[in-house]
Amino acid sequence: MGKSFRESLNEQLRDPEFKKEWDALDPEFQVIRAMIDARQQKHITQKELADITGIAQADISRMENGNANPSLQTLKRLAAGLGMAVKVEFVPIPDGSGS
């Protein structure tokens, strides 16, 4: 049997160039995971969320699959539809370089 996704990913993350690109995508992954987790915690489908927010189900699907770049306004609409609020924060970079 072939390698699992996690095994392949861990292997690729040993490559400094790949790891740099992967880490750069972390904020996007966090937003996607937060959207999916919040929707699942409410036990609602994408279609139900679309009905609540007025955002097309196809657009919600694209966001959850990482194929869309939603505006802050759209994220606020999604959060409101889930009975939540969006929190954005700036945090220091671990190496302290600031760039």
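Residues numbered from 1 in each chain as written. Predicted model: local features only at pLDDT ≥ 70, side-chain atom pairs only at ≥ 80, totals over all residues. Heavy atoms only, no water.

J.: Tell me about the confidence of the model for the chain, and name the residues and values.
T.: When pLDDT drops low, the exact placement of atoms in the prediction is not to be read closely. For the chain, mean pLDDT is 90; residues scoring 70 or higher make up 95% of the total. Across the chain, the element-wise mean pLDDT spans from 85 in helix α2 (residues 16-24) up to 97 in helix α4 (residues 46-53). (pLDDT = per-residue confidence, 0-100. Helix = DSSP H or I, 4+ residues; strand = E, 2+ residues; numbered from the N terminus.)

J.: Explain the environment of A80 residue by residue, including any values.
T.: Here A80 shows up in helix α6 (residues 72-81). Residue A80 is classed as exposed on the basis of its relative accessible area, which comes to 52%. In this structure the C-alpha to C-alpha distance between A80 and A68, which are 12 residues apart in sequence, comes to 19 Å. (Buried < 20%, exposed > 50% of the residue type's maximum accessible area, 1.4 Å probe, protein only.)

J.: Can you tell me about the pattern of salt bridges, naming the residues and giving the values?
T.: For the structure on display, the rule yields 6 salt bridges. Between R33 and D37 there is a salt bridge; the shortest N-O distance is 2.9 Å. In this pair, R33 and D37 are both assigned in helix α3 (residues 26-41), 4 residues apart and thus about one turn of the helix distant. Judged by its relative accessible area of 43%, R33 is partly exposed. When its relative accessible area of 30% is taken as the criterion, D37 is described as partly exposed. Across the pair R39 and E64 runs a salt bridge whose closest N-O atoms are separated by 2.7 Å. Highlighted residues: R39 in helix α3 and E64 in helix α5 (residues 57-64), separated in sequence by 25 residues. (Salt bridge = Lys/Arg side-chain N within 4 Å of Asp/Glu carboxyl O.)

J.: Any details on the nonpolar core? Residues and values, ideally.
T.: Core analysis: the biggest nonpolar cluster contains 11 residues, these being M35, A38, I44, L49, A50, I55, I60, M63, L75, L78 and L82. The set of elements that each furnish at least two residues to this core consists of α3, α4, α5 and α6. When residues no more than four places from it in sequence are discounted, the contact partners of I55 are A50, I60, M63, T74, R77 and L78. (Core = buried A, V, L, I, M, F, W, Y, C linked by side-chain atoms within 4.5 Å. Contact = heavy atoms within 4.5 Å.)

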